[in-house]
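# Remarks on the overall topology
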Amino acid sequence: MVSPKTLELSGANFTTIGERLDDGFGLFVDGGFTYVVLDAKTHVIDVLLRHNETTWTDVMTSQPAIVRASVNGQLFGPDNMYGLAVTGVIPPTVVTGEGSIHQGGRRRPEDAAKGEARYCFGRTKDGKRYMCLLGNPPDNMYEGMGGLGPLLMTNPATGAGLPMGDGNRYATDPSKKSIPASDAEWADCVQRNSNHFRDVDGPKACEFCIVAANHTARLLLLGINTDPSEGRLSALRDKLLDAGFDCAAFTDGSNSSCFAVGDEMLVEPHWIKNNLIEAGFKGVQGSAPISVRVTFRSLDILDAGIVLGDEGRWNLSASVAGAEFGWWSGAVVVEGETLDLGWSTELELSASSRLVLELDIRNVASGTLTGIEPPEVSSFGENLSAASAPPFGEGEWVVTNTDGFYKLHYTVELL
C-alpha cells in the first residue's frame, strides 16, 4: 500500500517542494488532509469520465500508469438516481452533472443552468494556465468542469487568486458587500462570497476533495480531506494561500469523496455513490494532446430485420467520446446491400483518455404494419485507449455486430 509522507501544507515547506518529488510526484499528509503534488512542467490535470456501466472506483483504478492520482468531481443528480443505485450501477448517460464539462476542447453540456450558479476549474490547452471561475467552463478552458465549489477563485480582472469566504470584501471599502460589477471593482476585491463554500465550511461540514494549481512554483495538487470538522475548508484555503497556490476548487463532498493514487484506492466512496459518480479529475504525466480522426465509412446489411409484409428501416446515430457526429433517420435497408455513411469527425485526446466509439441502431416499423414490433438490432460500441493494440485502435476495421445484422466499416487515424 502506498504511504504518504508528512508534509504540512505551508509556504515554508513548499519553498523546496521540488526536492521532495520523485519523477515529478509526491504523496503527502497534513493532519486529516492527504494530497498529491505534481510538477506542472511534466504533468497536467485532466477530466476523468465514466463511460460504461461500471463503478466509479473501477474507473479510477483501471487507468493507465501515467495517471498518478484521481479524485471525484462535480455535484450530480437527479435525486431519484440514489434510490435506483441501490439495485446496481446506473449508466453514466442517466446521471447529470451540475455544470458543463470540457474534455479535449469539446463541450459536454450536462446541466448548464445549474452550472452557472457554481464554479469551474480547468486548464488551457498548453497546460500553462489553470483557472477557477464563476459559472461553466469558458471557451479557453480546454480540460475542466463546472458544478464545483471555490476555494481560490481566479480574479477575472487581475488573474490572481481570490480567497472565498463569507461576504465580499474590498481593499478600499471593507464594508462593501455587493457582487463586483466592473473590472475596477474586481481588481479592488480581496475576498469573494460563496454560499456553497459557507455550507461545506459550516455546521454541516463534510469530507471533500480539492484540485489546485500554483503558477509561480509550477505545481499541481489533488487531495482529499477526511476530517469533517467545521472550519476545515477555511483552514485548507488559508494553507493553500500560504503555500502560493493561486486557484483551487473543491469537488462534490460528503460520502461521494474518494481518492486514488495510481491503481490503489486510498479513500472509497459510499457504495451507493460508487454506482453513480460520472466525472472527476486526474493528474496525468506527459499528457500531450493527440489528434484523432474517426470515420464511419459504410454498413453492410446482413439481415434487414424485417417481418413478413414489412420493409427494413433503421434509425442510425453515431457518436465519438459522447458527441454525435452522424445520423440517419428512416434509412431503407436491404439485405445484401451496403449503406454508404461517410461520417467523419476529428477530436483531440490526452494520452490517458478513452476513445469511445458508438453506433446506435433502432429498427423501426415502416408503417406498412401496425401492432408488430420489428426485431431489435444491437448497437456497436468500442472503448479504446493508448494501451489498446494498436493504440486508440488506429487502422481500418470491419466488425460484425453481435447478432449478425450488419458489418460496420470504420477507420481511426492518428493525425
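Going by the structure above, here's the rest.
### With respect to the side chain of Ser256
Looking at the element boundaries, Ser256 is found in the loop between strand E18 (247-250) and strand E19 (259-261). Engagement of the side chain of Ser256 in a polar contact is seen with the side chain of Lys273, the distance being 3.2 Å.

### Examining empty space enclosed by the protein
Rolled over the atoms, a probe sized like a water molecule indicates the empty space that remains. In the structure shown here, the tally under the stated rule is 2 cavities of 30 Å³ or more. The wall of the largest cavity is formed by Leu48, Leu49, His51, Gln63, Gln103, Lys282, Ser352, Ser353 and Arg354. Here the lining of the largest cavity is composed, by residue class, of 2 nonpolar, 5 polar and 2 charged. Its volume calculated, the second largest cavity comes out at about 40 Å³. Every residue along the wall of the second largest cavity is listed here: Ala40, Gly127, Lys128, Tyr130, Ala213, Asn214, His215, Arg218, Leu219 and Leu220. The set of elements that each furnish at least two residues to the lining of the second largest cavity consists of strand E16 (208-214) and strand E17 (219-225).

### Focus: the packing of aromatic side chains
For the coordinates displayed, the defined rule picks out 14 aromatic pairs. With a centroid separation of 5.4 Å and an interplanar angle of 70°, the aromatic rings of Phe296 and Phe325 are classed as edge-to-face. In this pair, Phe296 sits in strand E22 (residues 290-301) while Phe325 sits in strand E24 (residues 323-333), placing the two residues 29 residues apart along the sequence. Phe325 shares its class with Phe296; the two are buried. Counting every residue linked through ring pairs, the aromatic cluster contains Phe14, Phe28, Phe33, Tyr35 and Phe245. In this structure, Lys176 packs its charged tip against the face of Tyr170, placed 4.8 Å from the ring centre.

### Here we look at the environment of Lys273
Along the polypeptide, Lys273 turns up in helix H8 (residues 271-274). For the pair Lys273 and Thr96, spaced 177 residues apart in sequence, the C-alpha to C-alpha distance is 13 Å. Apart from the residues lying within four places of it in its own chain, the contact partners of Lys273 are Phe76, Tyr82, Asn255 and Ser256. Among the polar contacts listed, one links the side chain of Lys273 to the side chain of Asn255, at a separation of 2.6 Å.

Criteria and thresholds
- Residues numbered from 1 in each chain as written.
- Predicted model: local features only at pLDDT ≥ 70, side-chain atom pairs only at ≥ 80, totals over all residues.
- Heavy atoms only, no water.
- Helix = DSSP H or I, 4+ residues; strand = E, 2+ residues; numbered from the N terminus.
- Polar contact = N/O pair within 3.5 Å; in protein donor to acceptor, adjacent residues only side chain to side chain.
- 1 Å grid on protein atoms, 1.4 Å probe; cavity = no way out; pocket = protein on both sides within 12 Å on 5 of 7 lines; lining within 4 Å.
- Points joined across faces, edges and corners; volume = space filled by probe spheres on them.
- Nonpolar A, V, L, I, M, F, W, Y, C, P; charged D, E, K, R; others polar.
- Phe/Tyr/Trp six-rings, centres within 6.5 Å; stacked < 30°, edge-to-face > 60°.
- Buried < 20%, exposed > 50% of the residue type's maximum accessible area, 1.4 Å probe, protein only.
- Lys NZ or Arg CZ within 6 Å of the ring centre and 35° of its normal.
- Contact = heavy atoms within 4.5 Å.

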